[in-house]
Amino acid sequence: MDFKLGRINLNAVAQGVGGLVFGNENSVSSEDSYVERLLDRISNGVLADDRRAAMTELQSIVAESRSAQLALGAMGLPVLLSVLREERDDVEMVRGALETLVSALTPIDPAHGPKNEVQPSLMNSDLLSRETESISLLLSLLSEDDFYVRYYTIQLLTALLTNSPNRLQEAILTIPRGITRLMDMLMDREVIRNEALLLLTYLTREAEEIQKIVVFEGAFEKIFSIIKEEGGSEGGVVVQDCLELLNNLLRNNASDQILLKETVGFEPLISILKLRKGSAYSFTQQKTVNLLSALDTIALLLTGNPEIEPGKDANRLSNQTALAQKKILDHLLMLGVESKWAAVAVRCSALQCIGKLVVRHPQNLDTLASKVVGEEPQVVPALNSILRIVLRTSSLQEFIAADYVFKCFCEKNKEGQELLASTMTPQPLSVSHAKHEEDVNIPFGSMLLSGLILNETDGDLETCCRAASILSHILKDNIQCKERALRVELEAPVPSLGAPEPLMHRVMKYLALASSSKNKGSDQEGTSVGDLYIQPIIMRLLVTWMAECPNAVNSFLDSPAHLPYLLELVSSPSASAYVRGLAAVLLGECVLYNSRSSDDGRDAFNVVDTISQKIGLTSYFSRFNEMQKSITFVSATSGQNHKPLTRSNTASMTDAEDTAENDRINQKQDHPILASVFDMHFVSFVKKLEVDIRENIVDVFSRPKNTVAVVPAELEQKGGESDGDYIKRLKSFVEKQCTEMQDLLGRNASLAEEVAKTGGGSGSTSDQKTNGGRERVQTETLRRDLQEAMQRVETLKSEKAKVEADASMYRNLAGKIESDLKSLSDAYNSLEQANFHLDSEVKALRKGGNGPLPDLEAIRAEAREEAQKDSEAELNDLLVCLGQEQSKVEKLSARLVELGEDVDSLLEGIGDDAGLPEEGEDEEED
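Residues numbered from 1 in each chain as written. Predicted model: local features only at pLDDT ≥ 70, side-chain atom pairs only at ≥ 80, totals over all residues. Heavy atoms only, no water.

Trainee: Any details on the overall build of the protein? Residues and values, ideally.
Mentor: Along the protein, the regular secondary structure elements total 47 helices and four strands. Across the 926 residues of the protein, 46% fall into the buried class. Taking the intrachain contacts of the protein between residues at least 6 apart in sequence as the baseline, contacts between residues at least 24 apart amount to 73%. Accessible surface, the protein as shown: approximately 46800 Å² in total, 51% of it carbon and sulfur. (Helix = DSSP H or I, 4+ residues; strand = E, 2+ residues; numbered from the N terminus. Buried < 20%, exposed > 50% of the residue type's maximum accessible area, 1.4 Å probe, protein only. Contact = heavy atoms within 4.5 Å. Areas by Shrake-Rupley, 256 points an atom, 1.4 Å probe, with all protein chains shown as cover.)

Trainee: Kindly report on the pattern of salt bridges, identifying the contributing residues and their values.
Mentor: Under the counting rule described, the total for this entry stands at 29 salt bridges. A salt bridge links Arg623 to Glu626; its shortest N-O distance comes to 3.0 Å. You can see Arg623 and its partner Glu626 sitting in helix H36 (residues 617–629), three residues apart, about one turn around the helix. Note on Arg623: relative accessible area 14%, which makes it buried. Residue Glu626 is classed as partly exposed on the basis of its relative accessible area of 28%. Connected through salt bridges with shared partners, the residues Arg41, Asp50 and Glu57 form a single ionic network. (Salt bridge = Lys/Arg side-chain N within 4 Å of Asp/Glu carboxyl O.)

Trainee: Quick one: what's the story with the nonpolar core, residue by residue and with numbers?
Mentor: Grouped together as the largest cluster of nonpolar side chains are 225 residues, with contacts concentrated most on Leu58, Leu84, Leu182, Leu503, Tyr620 and Phe678. Aside from chain neighbours lying at most four places away, what touches Leu182 is Leu139, Leu142, Ile154, Leu157, Ile172, Ala196, Leu199, Leu200 and Leu203. Judged by nonpolar contacts, the second largest core, of five residues, contains Val803, Ala807, Tyr810 and Leu892. (Core = buried A, V, L, I, M, F, W, Y, C linked by side-chain atoms within 4.5 Å.)

Trainee: Report on a negative patch on the surface, specifying residues and quantitative values.
Mentor: Taken together, the side chains of Glu862, Glu866, Asp870, Glu874 and Asp877 present a region of like negative charge at the surface. By secondary structure assignment, the location of Glu862 is in helix H45 (residues 856–898). Overall, Glu862 belongs to the partly exposed group, its relative accessible area being 48%. (Patch = residues over 30% accessible without salt bridge, like charges linked within 9 Å, V, L, I, M, F, W, Y side chains within 5 Å. Lys, Arg positive; Asp, Glu negative; His and termini not counted. Charge placed at Lys NZ, Arg CZ, Asp CG, Glu CD.)

Trainee: Quick one: what's the story with the confidence of the model for the protein, residue by residue and with numbers?
Mentor: This prediction gives the protein a mean pLDDT of 79; 76% of its residues lie at or above 70. Confidence drops under a pLDDT of 50 for residues 519–530, and excluding neighbours within four residues, the segment shows eight contacts in the predicted structure. Between residues 759–774, whose pLDDT stays under 50, and residues either more than four places distant or in other chains, the model counts 28 contacts. (pLDDT = per-residue confidence, 0-100.)

Trainee: If you had to explain helix H16 (residues 254–262) to someone new, which residues and values would you point to?
Mentor: Buried within H16 are the following residues: Asp256, Gln257 and Leu260. Taken end-on, H16 shows its buried residues confined to a sector of 100°, consistent with a single buried face. (Arc of directions from axis to C-beta.)

Trainee: Go over the packing of aromatic side chains, please, and point to the residues and values.
Mentor: On inspection of all chains with the given rule, the structure shows 10 aromatic pairs. Ring centres of Tyr151 and Tyr152 lie 5.8 Å apart, and the angle between their planes is 55°; on these two criteria the pair is classed as tilted. A residue is classified by how much of its surface remains accessible, and Tyr152, at 15% relative accessible area, is buried. Aromatic side chains Tyr620 and Phe624 sit 5.5 Å apart centroid to centroid with 90° between the ring planes, which places their arrangement in the edge-to-face category. Remark: Phe624 and Tyr620 occur in helix H36; sequence separation between them is four residues, near one turn of the helix. Each of the two residues, Tyr620 as well as Phe624, counts as buried. Taken together, the aromatic side chains of Phe147, Tyr148, Tyr151 and Tyr152 make up a single cluster linked through ring pairs. Of note, Arg189 hangs over the ring of Phe147, and the distance from its end group to the ring centre comes to 4.1 Å. Note that Arg466 overlies the ring of Phe399, its terminal NZ or CZ placed 4.9 Å from the centroid. (Phe/Tyr/Trp six-rings, centres within 6.5 Å; stacked < 30°, edge-to-face > 60°. Lys NZ or Arg CZ within 6 Å of the ring centre and 35° of its normal.)

Trainee: Which residues make up the packing of helix H8 (residues 132–140) against helix H10 (residues 165–174), and what are the values?
Mentor: Packing of H8 against H10 brings their axes to within 9 Å, and their N-to-C directions diverge by 70°. The angle between H8 and H10 falls in the class roughly perpendicular. Note on packing geometry: the crossing formed by H8 with H10 is right-handed. Side by side, H8 and H10 meet where Thr132, Ile135 and Leu139 of the first sit next to Leu168, Ala171, Ile172 and Thr174 of the second. (Axes fitted to C-alpha atoms, helices over the stretch in contact; angles between N-to-C directions. Parallel < 35°, antiparallel > 145°, perpendicular 65-115°, else oblique. Left-handed = near helix turned anticlockwise from the far one by under 90°.)

Trainee: Describe the environment of Met187, listing the residues and the values that go with them.
Mentor: Structurally, Met187 is set in the loop between helix H11 (178–184) and helix H12 (190–203). Through-space distance from the C-alpha of Met187 to that of Ile226 is 9.2 Å; in sequence the pair is 39 residues apart.

Trainee: Can you lay out helix H32 (residues 550–557) for me, pointing to particular residues and giving the numbers?
Mentor: Of all eight residues making up H32, six are buried, and the element is well covered by its neighbours. Of the positions making up H32, those classed as buried are Ala552, Val553, Asn554, Ser555, Phe556 and Leu557.

Trainee: Go over the state of the cysteines with me, naming the residues and quoting the values.
Mentor: Applying the stated criterion across every chain, the model contains zero disulfides. Among the cysteines around Cys464, which has no disulfide bond, Cys465 carries the closest sulfur, lying 7.1 Å off. (Disulfide = S-S within 2.5 Å.)

Trainee: Could you give an account of the side chain of Ser65, naming the residues involved and the relevant values?
Mentor: You can see Ser65 is positioned in the loop between helix H3 (48–64) and helix H4 (66–75). For Ser65, the side chain forms a polar contact with the side chain of Ser67, separated by 2.9 Å. Excluding residues that lie within four positions of it along the chain, Ser65 makes contacts with Glu31 and Ile108. (Polar contact = N/O pair within 3.5 Å; in protein donor to acceptor, adjacent residues only side chain to side chain.)

The following block contains the structure:
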């Protein structure tokens with residue numbers, strides 16, 4: 001390819017591209033002509049100094065003018081590439097060409113131009129990256145001795161990667177030792193090393209093949225060597241770039257994580273988290289970013305593969321064990337709990353790492369349970385300190401992170417749950433309302449209860465809902481803890497005015513208080529921040545508590561005010577969709593796990609009857625659909641993706657305190673606490689519970705309230721009973737039955753009305769399924785029976801085909817036997833003819849011969865005897881085979897009759913010929 005263009009060709013190309021971009025004949029400006037003349041001097045100049053001066057002028061104008069960038073892309077790229085290829089000895093010309101290309105790929109004030117205007121830098125990047133030879137040429141320049149040549153080459157590759165990432169990644173992969181040359185730059189001088197590090201960071205974000213090659217080239221050793229050289233967490237932005245490159249290599253890549261663990265190990269990574277003496281109180285912005293990046297690396301190692309079941313991810317469990325053995329928990333507790341000078345983002349990230357470190361790992365769970373923080377003599381259990389953060393932090397993000405620790409600690413950890421629940425002993429009011437500094441020696445459970453118990457004067461619902469969140473983790477899937485919590489009785493605010501109150505009743509009291517405070521706030525200043533999540537968190541506790549726990553349901557229904565309040569919440573237009581939905585779930589649990597007898601006024605039937613009368617089944621079931629369609633519910637179902645840390649978002653995270661959270665509270669679906677309440681596990685639990693609730697409510701509603709047992713003895717007149725008393729007793733019995741029948745007819749009419757409303761209006765499909773629950777079960781049963789019948793028919797068809805095939809085979813076999821019998825008959829006929837000839841010869845001999853004649857009768861008898869023996873042996877064999885085949889034919893005939901086949905037509909022609917052997921036998925006897 002010839003890159004030297006003449007003046008006429010340059011004019012033609014410039015006019016064509018200029019007309020394409022700007023759309024008029026005056027688009028070729030003086031700058032374009034100037035660029036053309038400079039390129040001509042570079043391409044056709046004789047004097048080296050003149051060509052170098054032209055290159056300097058070209059670089060200057062391209063760095064300042066968009067039109068010059070455009071003209072260079074149309075005319076000058078081949079010229080500059082020709083210089084790089086053919087004039088390696090002229091270092092100054094090569095430097096100028098590289099610097100000019102960097103300027104051509106650098107945007108110039110893109111915000112000031114029209115939105116639809118072509119960006120020259122993007123066009124130039126596209127033109128330059130189209131040919132793999134161009135990328136190969138640039139990579140070859142990395143081996144040049146001149147520092148500036150290597151430096152400008154790295155900058156040029158970075159600019160190409162920024163504008164055309166996919167094309168550059170593909171080109172580098174096709175070039176032999178392309179990645180190797182870039183990795184060699186990590187050992188170059190500091191400036192080039194930093195540029196190469198940035199380039200590799202961009203290259204490895206999405207390209208798995210490049211990640212593998214980079215790891216194979218010893219990336220881990222080089223990364224930690226640079227981090228150590230730069231000073232660890234105290235270093236500059238280079239440490240951040242190294243950790244970002246490391247995270248790109250480890251993210252969702254178990255093989256790279258194993259390689260890191262087996263080669264370099266986790267110690268260099270953990271050392272970044274270790275705060276040096278004297279620096280624990282100094283957290284610059286860059287140090288905060290570096291710590292965040294290192295904590296993100298720890299989180300990647302502890303997250304595991306999302307596609308593998310949590311308890312079976314061997315790589316994650318191995319990383320948990322290895323990191324715990326290196327005492328990482330001490331560093332995480334220092335950053336997340338003890339260091340009050342660290343940024344909120346760092347503390348939150350450290351707490352989340354603690355949760356990931358211990359979840360479903362028995363040894364790490366025990367270690368965390370036994371850890372203490374602080375200095376002698378005031379050491380405090382680590383879990384108590386984290387609980388104090390939950391109850392008292394002013395940052396919502398920090399509350400979410402600390403709450404996540406307890407969520408992970410209690411998941412599949414019944415011993416840990418019971419350990420925490422065993423300390424739930426109410427403290428006297430004087431102690432529970434002590435100052436913060438005086439609660440160091442209060443047990444965990446007592447501190448939790450003190451946060452859950454409100455002072456009637458302060459109304460601290462925020463603290464109450466946070467304590468409720470922790471209690472819901474302790475009670476989750478643990479009947480023993482639920483029963484223990486039911487036995488907790490709280491002292492009344494004024495002991496002389498009331499008896500001790502069950503903990504569940506106090507929780508319901510605070511739920512109602514949250515609802516009333518929300519209404520007051522909406523009348524004055526609108527919905528407050530806490531109103532968005534206080535009610536859902538308390539209701540999540542109640543849903544978790546009553547699940548599969550009849551005693552909790554009974555305790556809940558012991559108060560006559562609880563059921564009407566839930567009905568009010570379900571039908572409240574001012575409540576959010578998820579509050580109404582959770583209230584519907586609580587009502588459903590009162591039916592599903594209700595163990596009260598039918599004589600009790602709050603049994604399952606009465607609860608369903610109350611729901612039907614107060615709000616109607618259609619409206620009730622619609623609350624489930626509204627909750628599942630809410631954005632919060634849907635986003636929890638889809639899961640939350642971990643956002644990688646980069647230069648842009650880490651800098652913003654260090655400043656993102658609660659101001660960012662408060663800016664987002666008006667968007668209910670994006671509130672971070674709602675996302676933590678409606679996590680994926682809770683959403684799936686509610687969905688499963690909803691199915692059981694729907695079926696149970698329909699079943700309860702469709703059966704009589706009382707089962708009337710008709711005892712014949714009651715219908716007989718008792719001894720000594722007068723006729724009048726007997727008639728009165730019978731009349732009372734009949735009236736009772738009529739009452740039951742009327743009640744049943746009324747409920748059936750109500751159910752029919754619900755079904756009619758759902759079917760005739762625009763109701764949802766789920767409502768139709770609910771009101772027709774019994775019909776749906778019957779339909780499913782019939783469908784299943786139909787499928788089984790169809791399978792049985794298919795089996796019979798296959799058996800029929802097999803029987804027909806066997807019949808055909810036996811028909812052919814019968815024909816063969818028939819043929820054999822005919823052959824045997826012919827043999828007998830031949831034997832008789834031979835005997836006849838022998839008789840004739842004997843007679844002739846007798847008449848004509850005078851000599852002694854042989855004993856012909858003896859010879860004849862002997863011959864007949866031998867022939868008869870041979871024939872009888874063959875005949876016996878045939879008869880045995882025929883008898884076996886005859887039994888099979890009889891069985892097949894019976895089977896064909898069962899399948900409806902005409903056996904006579906199938907065997908037609910076979911039975912008539914069966915007499916041939918008998919004729920042969922008769923002839924033999926003759």
